[in-house]
Amino acid sequence: MLNNMNKPENSAKWSKERFDAELEKGYNDMLNGRVTSLDDVYAKLSEAISEIKNGAKAADTEKFIKGLMNS
């Protein structure tokens, strides 16, 4: 989950109500087929790791990983 400044949020700081709502949202996504296969996640993470190993700038890598979170 990203906040309004496009930064990852610390879910440990959420209220119980917010935490429960986010779990419910994820559960409903799963039930409705809004999921990413393990193969796709692995391929995208492998690509990001390869970019890091090949000297990609941190900002580029961060942008790539945030893109994973929004897909």
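Notes on the structure in this doc start here. As the structure is a computational prediction, the values presented were derived from the model and not from experiment.

1. Looking at the pattern of salt bridges
Working step 1: Here the structure, examined in full by the defined rule, presents 4 salt bridges.
Working step 2: Between Arg18 and Glu9 there is a salt bridge; the shortest N-O distance is 3.2 Å.
Working step 3: Judged by relative accessible area, Arg18 falls into the partly exposed class, the value being 28%.
Working step 4: What makes Glu9 partly exposed here is its relative accessible area of 27%.

2. Structural notes on the packing of aromatic side chains
Working step 1: A full pass over the atoms with the stated rule returns 0 aromatic pairs.
Working step 2: The ring of Trp14 carries the charged tip of Arg18 above its face, separated from the ring centre by 4.2 Å.

3. With respect to helix 1 (residues 16–31)
Working step 1: With 16 residues, helix 1 extends 22 Å from end C-alpha to end C-alpha; this agrees with the ideal 22 Å at 1.5 Å per step.
Working step 2: At the exit of helix 1 stands Gly33, carrying a positive phi of roughly 80°.

4. Observations regarding helix 2 (residues 38–53)
For an α-helix, the turn length of 3.6 residues means that residues three or four places apart are oriented alike.
Working step 1: When the terminal C-alpha atoms of helix 2 are compared, their 22 Å separation across 16 residues agrees well with the 22 Å that a helix rising 1.5 Å per residue should span.
Working step 2: Downstream of helix 2 by one or two residues, Gly55 has phi in the positive range, about 90°.

Basis of the calculations
- Residues numbered from 1 in each chain as written.
- Predicted model: local features only at pLDDT ≥ 70, side-chain atom pairs only at ≥ 80, totals over all residues.
- Heavy atoms only, no water.
- Salt bridge = Lys/Arg side-chain N within 4 Å of Asp/Glu carboxyl O.
- Buried < 20%, exposed > 50% of the residue type's maximum accessible area, 1.4 Å probe, protein only.
- Phe/Tyr/Trp six-rings, centres within 6.5 Å; stacked < 30°, edge-to-face > 60°.
- Lys NZ or Arg CZ within 6 Å of the ring centre and 35° of its normal.
- Helix = DSSP H or I, 4+ residues; strand = E, 2+ residues; numbered from the N terminus.
- Expected span 1.5 Å × (residues − 1).

Interpretation in functional terms is not warranted from these geometric data alone.
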